[in-house]
Amino acid sequence: MGSAIDTLRESLGTISDLSRASSLLAWDERTQMPPGGAEPRAEGLSTLARIHHERLTADELGERLDAAAAEADGAPYESAEASLIRVTRREWEKARKVPASLRAEITRTTSLAEHAWVKAREDSDFAAFLPHLEKVIELRRQYVECFAPYEHVYDPLLDDFEPGMKTATLVPLLTALRDGLVPIIERVAASPQLDDSPLRGHFDLSTQRTLARAVLETLPLGKGEWRLDDTVHPFATAIAPTDVRITTRFDTGYLGEGLYAVMHEAGHGMYENGMPAELHRTPLQGGASMGFHESQSRLWENWVGRGRPYLRWALPMLREHFGEQLGDVDAEALYRAANRVEPSLIRVEADELTYNLHIALRFELEVEIFEERLELADLPDAWNERMETYLGIQVPDDAHGVLQDVHWGAGAFGYFPTYSLGNVIAGQLWDSAQRAMPDLEERIERGELAELNAWLRESLYRHGSCFEPLELIERVVGGPLDVGPLVAHLDAKFGELYG
Ligand code: ZN
């Protein structure tokens, strides 16, 4: 007879297989599936989700957890056994708190609200979306109540994406970030604009695909452990640490679109690719939180990919594919083009500097909604006012304002702050990486990216999701979350670029 830990691992392996099957179906849906597959695919996915939930909330799993906990009694907090038991118990208890009827109601309502959002955005008609949004938020409030008592009404929402994170921690952090960014953006706005014409023109689609593959081949991803496909909204997913699916989209008029979507998604992919084999088929496999995941995509996209050393090294590779367009472009011109700052209406098009103000705006509105300080009917006005204050931009209509993102229709409240958290964490990680490797930038300029990946594997990836984000940041950088390194990085970089 095996040990109690092995018996627990057996249950967890089945649960993990079910969610990996769902990931594969979802990847296929967004990259390969013909439109006719939509309805049967939704049925398949919902069946898998139901079985997954039944397994995760089963009494049997609780019994196996208790037996494993008794067996591992006294194991150190950091050990694989103690982490497995701690994280599984947390997930098991959390999943059991929400009645199946409420889960089903949320799934049904958000699916309808998402469809309504598509139409409302097309028509720029917030009033048509409002009743759906009201229902979604009402259900989210019921969801929050499943976790009473809580410190703050927004905490249970955050916890789905950042385990253990508290609103009380996040509010001062993101306010400090906003206050740090506004003066930098004001100085940039008052300076002459950078020229991004080197990245604009006509860039043939199939050559861009070949280039994207060439870029991925130079990144420290395991050989034979990834693939690249086209999609509408780029994402990365791992069916296993050795089976990473990267997706991107291309714009034939702008080379930066496909290039940086690939770098971004590859960052997510490298995190998954770096998971230790012993965490495989357990809840410890995968990123520690959405924020930590985003720290990896942002680190590779912005700190590496939009950095001067990388672009100096990458220019010959870009010229190899687009000699006609880039023949006369030098590395400095490419660096300036890749870092042009332009306050924009649309979050997903935002540059490295203004991006976090889009997040600040959404985070503040979400907290105000759940604190019942903001009426939903007043949401468009509140949105437009803040766009003007933070970014100096007039919103022409709700399609380009409050209706631009799918998240609220999909019920994903608590998700947006993880984007900024990712940037904050990336800043701290980059700082630590530079201290550990004083010649990091010289190495990148020689195209030696494996060392950075090795440092990330050793410092971060090997922990999987053993620790909550606030514990993990302490372990990796030796201090708490801190916006200082991010603000200093942006101030130095754009201060120099914009004189
Ligand atoms: Zn991302």
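Residues numbered from 1 in each chain as written. Predicted model: local features only at pLDDT ≥ 70, side-chain atom pairs only at ≥ 80, totals over all residues. Heavy atoms only, no water.

Draft legend 1. Just the overall build of the chain, in detail. Scanning the chain for helices and strands turns up 21 helices and 3 strands. By the compact-globule yardstick of 23 Å for 499 residues, the chain fits well, its C-alpha radius of gyration being 23 Å. Counting only residues that meet the buried cut, the chain has 56% of its 499 residues in that class. Restricting the contact set of the chain to residue pairs at least 6 apart, pairs at least 24 apart contribute 73%. Of the roughly 21,300 Å² that the chain leaves accessible, carbon and sulfur atoms contribute 51%. Between the averaged position of the 49 positive side-chain charges in the chain and that of its 84 negative side-chain charges there is a distance of 3 Å. (Helix = DSSP H or I, 4+ residues; strand = E, 2+ residues; numbered from the N terminus. Rg over C-alpha atoms; globule rule 2.2 N^0.38 Å. Buried < 20%, exposed > 50% of the residue type's maximum accessible area, 1.4 Å probe, protein only. Contact = heavy atoms within 4.5 Å. Areas by Shrake-Rupley, 256 points an atom, 1.4 Å probe, with all protein chains shown as cover. Lys, Arg positive; Asp, Glu negative; His and termini not counted. Charge placed at Lys NZ, Arg CZ, Asp CG, Glu CD.)

Draft legend 2. Region of interest: the coordination of the zinc ion. On the protein side, the zinc ion has His264 (NE2), His268 (NE2) and Glu294 (OE) as donor atoms, found 2.1 to 2.3 Å from it. When the donors of the zinc ion are listed by position in the chain, the intervening gaps give H-x3-H-x25-E. Taken together, the residues histidine 264 and histidine 268, both in helix α10 (residues 255–273) and 4 residues apart, mark about one turn of the helix. Assigned by exposure class, histidine 264 and histidine 268 land together as buried. (Donors = N, O, S within 2.8 Å, 3.2 Å for Na, K, Ca; no water.)

Draft legend 3. Structural context of α10. The terminal C-alpha atoms of α10 lie 27 Å apart, and with 19 residues this matches the ideal 27 Å at 1.5 Å per residue to within 8%. Burial analysis of α10 places 18 of its 19 residues in the buried class, the great majority of the element. (Expected span 1.5 Å × (residues − 1).)

Draft legend 4. Region of the structure containing the packing of aromatic side chains. Counted according to the given criterion, the structure contains 14 aromatic pairs. Consider the rings of tyrosine 271 and tyrosine 461, whose centres lie 5.0 Å apart with planes at 35°: the pair is tilted. Here tyrosine 461 lies in the loop between α19 (450–459) and α20 (469–477) and tyrosine 271 lies in helix α10, a separation of 190 residues in the sequence. Owing to a relative accessible area of 0%, tyrosine 271 belongs among the buried residues under this scheme. (Phe/Tyr/Trp six-rings, centres within 6.5 Å; stacked < 30°, edge-to-face > 60°.)

Draft legend 5. Geometry of the pairing of strand β2 (residues 236–240). Taking burial as the measure, the 5 residues of β2 include 4 buried ones, the bulk of the element. Here β2 runs beside strand β3 (residues 243–248); their pairing, made up of 4 bridges, is antiparallel. Along β3, the bridge assignment pairs alanine 236 with isoleucine 246. The turn linking β2 back onto β3 is made up of 2 residues. (Pairing = 2+ DSSP bridges.)

Draft legend 6. Layout of the environment of aspartate 491. Note on placement: aspartate 491 falls in helix α21 (residues 484–497). Placed 310 residues apart in sequence, aspartate 491 and leucine 181 show a C-alpha to C-alpha distance of 8.2 Å. Excluding anything up to four places from it in sequence, aspartate 491 contacts Ile184 and Arg187. A polar atom in the side chain of aspartate 491 sits 2.7 Å from the side chain of arginine 187. (Polar contact = N/O pair within 3.5 Å; in protein donor to acceptor, adjacent residues only side chain to side chain.)

Draft legend 7. Focus on helix α3 (residues 59–71). When the terminal C-alpha atoms of α3 are compared, their 19 Å separation across 13 residues agrees well with the 18 Å that a helix rising 1.5 Å per residue should span. Buried residues in α3 make contact with α1 (4–31), α2 (38–57) and α4 (80–97).

Draft legend 8. Fine view of the side chain of glutamine 404. Its place among the elements puts glutamine 404 in the loop between α16 (379–391) and α17 (417–436). By relative accessible area, which is 7% here, glutamine 404 ends up buried. Within polar-contact distance, the side chain of glutamine 404 engages the backbone oxygen of leucine 345 at 2.9 Å. With sequence-adjacent residues up to four places away left out, glutamine 404 is seen in contact with Trp117, Arg121, Leu345, Ile346, Arg347, Arg362, Trp383, Asp398 and Ala399.

Draft legend 9. Geometry of the packing of helix α15 (residues 355–370) against α16. At a closest axis distance of 10 Å, the pairing of α15 and α16 adopts a crossing angle of 145°. In the packing of α15 onto α16, the handedness of the crossing is right-handed. Contacts between α15 and α16 involve Leu357, His358, Leu361, Arg362, Glu364, Leu365, Glu368 and Ile369 from the former and Leu379, Ala382, Trp383, Arg386, Met387, Tyr390 and Leu391 from the latter. Of the residues belonging to the contact of α15 with α16, the class tally is 10 nonpolar, 1 polar and 4 charged. (Axes fitted to C-alpha atoms, helices over the stretch in contact; angles between N-to-C directions. Left-handed = near helix turned anticlockwise from the far one by under 90°. Nonpolar A, V, L, I, M, F, W, Y, C, P; charged D, E, K, R; others polar.)

Draft legend 10. Here's a closer look at the pairing of β3. Buried residues dominate β3, accounting for 5 of its 6 residues. The sheet contact formed by strand β1 (residues 226–230) and β3 spans 5 bridges and is parallel. Across the sheet, the residue bridging to tryptophan 226 is valine 244, located in β3.

Draft legend 11. Summary view of the packing of α1 against α3. Their axes nearest at 8 Å, the elements α1 and α3 cross at an angle of 145°. Helix-helix and strand crossings are classified by hand; for α1 and α3 the assignment is left-handed. Contact residues: α1 offers Ala4, Ile5, Thr7, Leu8, Glu10, Ser11, Leu12 and Ile15, while α3 offers Glu60, Leu61, Arg64, Leu65, Ala67, Ala68 and Glu71. Across the contact of α1 with α3, the residue classes break down as 9 nonpolar, 2 polar and 4 charged.

Draft legend 12. Broad picture of the sheet that holds β3. If you walk across this open sheet you meet the 3 strands as β1-β3-β2, and the pairing is mixed. Edge positions in the open sheet fall to β1 and β2, since each of these has one partner strand only. Taking the axes of each pair of neighbouring strands and ignoring which way they run, one obtains an average angle of 20° across the sheet. Against the sheet, α1 contacts β1, β2 and β3, and its axis sits at roughly 140° relative to β2. α10 rests against β1, β2 and β3 of the sheet, and its axis sits at about 165° to β3.

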